[in-house]
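Tertiary structure, described
Here's the letter readout for the chains.
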Amino acid sequence: QVQLADTGGGLVQAGGSLRLSCAASGLVFSIYSVGWFRQAPGKEREFVARIGWSGGITYAESVKGRFTISRDNAKGTVYLQMNNLEREDTAIYYCAAGRRSAQSYDFWGQGTQVIVSS
């Protein structure tokens, strides 16, 4: 059974940092691209960052320079290091894995809550 466990959320003050983790099981992790998405109350889900199976990285403009996505294939885990957090970053964060295209995601985590206080 394929499972993605996204963890690491919490409450942090504006300007602070947080690291999210996405641990995968039940799949050949090294051939999957992994993306991070977030959804705030009353808003649509939005793309945050993506790391390809070969290491290529894409960030949303709103987080570029503040967030860093990385992967450790040996551990089957993708990380999202979030620095200089802003109130607008408050959302539930989800990781997702896919291998068909940059826009395709087959599996999703349960989500982890990030709250940034002003």
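Residues numbered from 1 in each chain as written. Predicted model: local features only at pLDDT ≥ 70, side-chain atom pairs only at ≥ 80, totals over all residues. Heavy atoms only, no water.

**Quick word on unusual backbone geometry**
Phi at Asn84 takes a positive value of approximately 50°, unusual for a residue other than glycine. Tracing the backbone through its elements, the reader meets Asn84 in the loop between strand E8 (77-82) and strand E9 (91-98). (Helix = DSSP H or I, 4+ residues; strand = E, 2+ residues; numbered from the N terminus.)

**Quick look at the nonpolar core**
Counting 29 residues, the largest nonpolar core has Trp36, Leu80, Met82 and Tyr93 as the members making the most contacts within it. Going through the elements one at a time, strand E3 (18-25), strand E4 (33-39), strand E5 (46-51), strand E7 (67-72), E8, E9 and strand E11 (112-117) are the ones with two or more residues in this core. If near-sequence neighbours (up to four positions away) are discounted, Tyr93 is found in contact with Asp6, Leu20, Trp36, Phe37, Arg38, Val48, Phe67, Leu80, Met82, Gly111, Thr112 and Val114. (Core = buried A, V, L, I, M, F, W, Y, C linked by side-chain atoms within 4.5 Å. Buried < 20%, exposed > 50% of the residue type's maximum accessible area, 1.4 Å probe, protein only. Contact = heavy atoms within 4.5 Å.)

**A closer look at the state of the cysteines**
This model, assessed by the stated rule, comprises one disulfide. Paired through a disulfide, Cys22 and Cys95 show a sulfur-sulfur distance of 2.1 Å. Between Cys22 and Cys95 the disulfide shows an S-S torsion of about 70°. By sign, it is right-handed. Of this pair, Cys22 sits in strand E3 while Cys95 sits in strand E9, and the two are 73 residues apart along the sequence. Cys95 matches Cys22 in its accessibility class, with the two residues each being buried. (Disulfide = S-S within 2.5 Å.)

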